[in-house]
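# Observations on the model geometry
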Amino acid sequence: MSNRFLNMTYAVEVINGRLNTSSPEVERNISGGDNITFTKKVDGKSYSAAVSVKKNMKNYMKQEGFEISEYKKEGKKIIVPAHPAKYLNEDIFGFMRADKEQITEEEYNALDLDMQKIYSKPKKGKSERNITKKRRASFMMNGLIGVNKNKVKIEWGVCDTQGDSDSMPYRLETYSDIMVGLANLNINEVSNFKISDNEREFRDYSQQEAEILNITENLEKEEKIKRIEVTLRSLEYLSMQSNQSNYLVDTKPKIVIMGEYSWGNNNFQGLINKDGINIEGLKETIDECDKFRNSNIWIGISNKILNENFQGLKEKLNEEFKDQDFIKIGSVKEAFDGYINYLRETF
């Protein structure tokens, strides 16, 4: 089986927003003001962590009818079900688990009969199972980071208070920027499961679990395609829900570059910047990595983008690449549709 890695870079346009907050302890606030809330930032640039992007992708997956695992907190540990054949997010985003899980007798009784078999019988109101396993993510990504430095600004507001006190002023951080992310999807590893009793290696299920739960090493072809498609659609229709009450932002990607390669390094890093798309860098990338290219390259640019550096860019790209039929330039939706159609034809 040949390697298949979907390389992507994408950008959202934020018009006075705050996608991911931060805490005063992290920010080491020395301004002397208590009434301030912070955003995540890197070297003065706006930033939204990958975990925040994934959270909103999972919301879309759940809406589309896929099962998404719920995490539990036990002391200082976060406990995941570790069942990637059932839960799409664990299949796509991976997991790590090395502990002894303890559930109540009530939780044990709520499990289906097969799942009950991998726990001990309840004793003194508790049931246990030992879990040491980990799954490498098929979908790898970084956070969204602004292309302009020092775009995080302080905004000032006032809220009413009860009694005779004056209104209370407060401050918070906002930004307006193009925010860029990278993603890499290992097509061949989606819904492929490692069954092993070796606790020191990557594995999804022990031999006992696989037998009890009737787990095979691969899900059916159509189920794999559905899981890949909903993952990509969850990014295409990305809806970042944090801090939207007073800072409503359309966070669907306004720009995307995507193509499938047989080598997994992300080829498109740095191509979207504050000036638009680095066309010379794109040409260089296409030339350097052409021996590994499996598919067309799709470039999607929304006509709704407001940033002036991206105005007329679609026409310029069409002119620059008019003699290269494998580069498809259109809308963001056309880019995602183009790859998903290719996937169905070649899977």
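Okay, so let's go over this structure. (Residues numbered from 1 in each chain as written. Predicted model: local features only at pLDDT ≥ 70, side-chain atom pairs only at ≥ 80, totals over all residues. Heavy atoms only, no water.)

Below, the discussion takes up the packing of aromatic side chains. Two aromatic rings are characterised by how far apart their centres lie and by the angle between their planes. This model, assessed by the stated rule, comprises 8 aromatic pairs. A centroid spacing of 6.1 Å and a plane angle of 90° characterise the contact between Phe-193 and Tyr-205, whose relative ring orientation is edge-to-face. Taken as a pair, Phe-193 in the loop between strand E13 (168-186) and helix H6 (207-213) and Tyr-205 in the loop between E13 and H6 lie far apart in primary sequence, 12 residues in all. Taken together, a centroid distance of 5.9 Å and an interplanar angle of 80° make the contact between Trp-298 and Tyr-339 edge-to-face. With Trp-298 in strand E17 (residues 293-301) and Tyr-339 in helix H10 (residues 332-346), this pair connects stretches of sequence that are 41 residues apart. Per residue, the accessibility class of Trp-298 equals that of Tyr-339, and both read buried. Ring-pair connections join several aromatic residues into one group, and the members of that group are Trp-298, Tyr-339 and Tyr-342. The aromatic ring of Phe-202 is capped on one face by Lys-134, whose charged end is 4.7 Å from the ring centroid. (Phe/Tyr/Trp six-rings, centres within 6.5 Å; stacked < 30°, edge-to-face > 60°. Helix = DSSP H or I, 4+ residues; strand = E, 2+ residues; numbered from the N terminus. Buried < 20%, exposed > 50% of the residue type's maximum accessible area, 1.4 Å probe, protein only. Lys NZ or Arg CZ within 6 Å of the ring centre and 35° of its normal.)

A few words on unusual backbone geometry. The phi dihedral of Asp-43 falls on the positive side, at around 50°, and the residue is not glycine. Within the secondary structure, Asp-43 sits in the loop between strand E4 (41-42) and strand E5 (45-48). Looking at Asp-43, the relative accessible area reads 53%, which means it is exposed. Unusually for a residue other than glycine, Asn-214 sits at a positive phi of about 60°. Within the fold, Asn-214 resides in the loop between H6 and helix H7 (221-236).

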